[in-house]
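Summary of structural features
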Amino acid sequence: MASFKKGDELDTAKLKREKFALKEIGDSVYITLRALSAPEVANHIADDESGPKQVSGYKLISICAVDDDGKPLFDHEEDAKTHLKISAESLQKMVKKILDMSGLSPDKDRSKN
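Conventions adopted
Residues numbered from 1 in each chain as written. Predicted model: local features only at pLDDT ≥ 70, side-chain atom pairs only at ≥ 80, totals over all residues. Heavy atoms only, no water. Helix = DSSP H or I, 4+ residues; strand = E, 2+ residues; numbered from the N terminus. Expected span 1.5 Å × (residues − 1). Buried < 20%, exposed > 50% of the residue type's maximum accessible area, 1.4 Å probe, protein only. Contact = heavy atoms within 4.5 Å. Axes fitted to C-alpha atoms, helices over the stretch in contact; angles between N-to-C directions. Parallel < 35°, antiparallel > 145°, perpendicular 65-115°, else oblique. Left-handed = near helix turned anticlockwise from the far one by under 90°. Nonpolar A, V, L, I, M, F, W, Y, C, P; charged D, E, K, R; others polar. Pairing = 2+ DSSP bridges. Phe/Tyr/Trp six-rings, centres within 6.5 Å; stacked < 30°, edge-to-face > 60°. Lys NZ or Arg CZ within 6 Å of the ring centre and 35° of its normal. Salt bridge = Lys/Arg side-chain N within 4 Å of Asp/Glu carboxyl O.

Between the first and last C-alpha of helix 4 (residues 88-101) there are 20 Å, a value that for 14 residues agrees with the 20 Å anticipated at 1.5 Å per step. Inspection of helix 4 places Ser90, Leu91, Met94, Val95, Ile98, Leu99 and Met101 among the buried residues, and these make up the whole buried set. Buried-residue contacts for helix 4 involve strand 1 (17-21), strand 2 (30-34) and helix 2 (57-64). At the exit of helix 4 stands Gly103, carrying a positive phi of roughly 80°.

Structure, rendered in structure tokens:
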């Protein structure tokens, strides 16, 4: 184990990951979701001086959906919307899974993060 040094960078491949079944696409089809990093939370979710940030489920998925090697599946939100044709229920469950893995909850006060 090595001590943290200024300049050390986050390796998002080491963030918590979970497979999420996409049964409406196929019985054995899954997508891997990873947790958000603290900078991603600050940039996309945490409240700021202008108030609560609004972020779409597809935006979160475009950030957190990765392939089996940990590389992003989608380039941006529109890419996720175009290629991930799933039920509204699955979309909401995926967002909840991302928030849970990230130590967040839809009911939690995010202004403290």
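Before going further, it helps to examine the packing of helix 2 against helix 4. Between helix 2 and helix 4, whose axes approach to 10 Å, the crossing angle comes to 55°. By the criterion of interaxial angle, the relationship of helix 2 to helix 4 is oblique. When you trace helix 2 past helix 4, the crossing you get is left-handed. Seen from helix 2, the contacting residues are Gly57, Tyr58, Leu60, Ile61 and Cys64; seen from helix 4, they are Leu91, Met94, Val95, Ile98 and Leu99. Counted by class, the contact of helix 2 with helix 4 contains 9 nonpolar, 1 polar and no charged residues.

So, on to helix 2. Among the 8 residues that make up helix 2, 7 are buried, leaving the element largely enclosed by the rest of the structure. Those residues of helix 2 lying buried are Gly57, Tyr58, Leu60, Ile61, Ser62, Ile63 and Cys64. On its buried face, helix 2 is in contact with strand 2, helix 1 (38-44), strand 3 (65-66), helix 3 (77-83) and helix 4.

Here the focus is the pairing of strand 2. Within strand 2, 4 of the 5 residues are buried, which leaves it mostly tucked inside the rest of the structure. As defined by bridge partners, strand 2 adjoins strand 3 across 2 bridges and the pair is classed as antiparallel. Across the sheet, the residue bridging to Leu33 is Ala65, located in strand 3.

With respect to the helices, strands and loops of the structure, Met101 is situated in helix 4. For Met101, a relative accessible area of 10% translates into the label buried. Counting along the chain gives 84 residues from Met101 to Arg17, while the straight-line C-alpha distance between them is 7.7 Å. With near-sequence residues (within four places) excluded, Met101 lies in contact with Lys16, Arg17, Glu18, Leu33, Arg34 and Ala35.

We now examine the packing of aromatic side chains. Under the definition given, this model contains 0 aromatic pairs. A cation sits over an aromatic face here: Lys19 above Tyr30, 4.6 Å from the ring centre.

An order of 1-2-3 is seen for the 3 strands of this open sheet, with the pairing classed as antiparallel. Unpaired on one side and paired on the other, strand 1 and strand 3 mark the two borders of the sheet. Across the sheet, helix 4 is in contact with strand 1 and strand 2; its angle to strand 2 comes to roughly 35°.

Side chains that differ in sign of charge can pair as their charged atoms come close. Here the structure, examined in full by the defined rule, presents 7 salt bridges. Here Glu18 ties to Lys16 by a salt bridge, and the two come within 3.7 Å at their closest N and O atoms. We classify Glu18 as partly exposed; its relative accessible area is 25%. Here Lys16 falls in the partly exposed class, since its relative accessible area comes to 48%. Two residues, Lys96 and Asp100, come together in a salt bridge whose shortest N-O distance is 2.8 Å. Here the residue Lys96 and the residue Asp100 both occupy positions in helix 4, the gap between them amounting to 4 residues, near one helical turn. Given a relative accessible area of 44%, Lys96 falls into the partly exposed group. For Asp100, a relative accessible area of 38% corresponds to the partly exposed category. Beyond isolated ion pairs, a larger network of salt bridges with shared partners links Lys16, Glu18 and Lys97.

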